[in-house]
Amino acid sequence: MDKIRKSRLYKVWIDMKNRCNNPNNHNYMHYGAKGIKVCKEWEEDYKKFYNWAMENGYKENTEKKYTIDRINNSKGYNPENCRLLSIQKQQSNRTNNRFITYKNETHTVSEWARKLGINPQTIFTRLKIGLPTNYLFSKEKLTSKKIKDIKKELVNNLQTEN
């Protein structure tokens, strides 16, 4: 039993139950408080959850880390509504992701950063200061002066349009 309790999958199971059942859990407000529940079958029996995970491609001793993902976020954790995803893939499904469309492609900030080899924080900072999309993905270091020039150009363009 000790070996089971130390496994990553067991921790996934415990965390899933805690965020749905424990009001003291820091994620409870996003799950249990919204009515998200774990099905009785999984709630009461780790072995049934374990069997589902194995049947759906979970591998404990691999570099690829899996997490449980609800297909319909308004429904609970049960075999029909869950799937296993890599942590990276699940991060793309979060409700607080920022999606950016550029040149007819839409990705999250993190996906764009990986795709283009740019630090995601650089993109977030450029979004926050209001730079247009074509500057979000520039590998060029944008100095304060360059940013002021870009903003001045934007204002000028807006004024000429009106």
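K.L.:
I'm lost on the overall build of the chain in this one. Help?
P.N.:
A count of helices and strands for the chain gives 9 helices and 4 strands. Going from the N terminus to the C terminus, the chain shows its helices and strands as α-α-α-α-β-β-α-β-β-α-α-α-α. Counting across all 162 residues of the chain, residues that qualify as buried make up 33%. Accessible surface for the chain amounts to roughly 11,200 Å². Of this, 47% is attributable to carbon and sulfur atoms.

K.L.:
Sorry, what's going on with the packing of helix α2 (residues 8-21) against helix α4 (residues 46-55) here?
P.N.:
What describes two packed helices is the angle between their axes and the distance between those same axes. Closest axis-to-axis distance for the α2/α4 pair is 11 Å, and the angle between their directions is 120°. What the angle tells us is that α2 and α4 run oblique. The crossing of α2 and α4 is right-handed. Along the contact surface, α2 presents Leu9, Tyr10, Val12, Trp13 and Met16, while α4 presents Tyr46, Phe49, Tyr50, Ala53 and Met54.

K.L.:
I'm lost on unusual backbone geometry in this one. Help?
P.N.:
Excluding glycine, residues mostly have negative phi values, and the peptide bonds linking residues are mostly trans. The phi dihedral of lysine 103 falls on the positive side, at around 50°, and the residue is not glycine. With respect to the helices and strands, lysine 103 occurs in the loop between β3 (99-102) and β4 (105-108). By relative accessible area, which is 67% here, lysine 103 ends up exposed. A positive phi angle, close to 65°, is found at asparagine 104, a residue other than glycine. Examined against the element boundaries, asparagine 104 turns out to sit in the loop between β3 and β4.

K.L.:
What should I look at first to understand the nonpolar core in this one?
P.N.:
A general feature of soluble globular proteins is that nonpolar side chains tend to end up buried together. Residues Met16, Trp42, Phe49, Trp52, Ile68 and Tyr77 are the most contacted members of the largest nonpolar core, which totals 21 residues. Of all the elements in the fold, those that place two or more residues in this core are α2, α4, β1 (66-70) and β2 (82-86). For this core, the element with the most residues is α2, which contributes 6 residues. Counting residues in each nonpolar core, the second largest holds 14 residues, with Ala113, Ile123, Leu131 and Ile147 among its members.

Conventions adopted
- Residues numbered from 1 in each chain as written.
- Predicted model: local features only at pLDDT ≥ 70, side-chain atom pairs only at ≥ 80, totals over all residues.
- Heavy atoms only, no water.
- Helix = DSSP H or I, 4+ residues; strand = E, 2+ residues; numbered from the N terminus.
- Buried < 20%, exposed > 50% of the residue type's maximum accessible area, 1.4 Å probe, protein only.
- Areas by Shrake-Rupley, 256 points an atom, 1.4 Å probe, with all protein chains shown as cover.
- Axes fitted to C-alpha atoms, helices over the stretch in contact; angles between N-to-C directions.
- Parallel < 35°, antiparallel > 145°, perpendicular 65-115°, else oblique.
- Left-handed = near helix turned anticlockwise from the far one by under 90°.
- Contact = heavy atoms within 4.5 Å.
- Core = buried A, V, L, I, M, F, W, Y, C linked by side-chain atoms within 4.5 Å.

So yeah, pure geometry; function would need other evidence.
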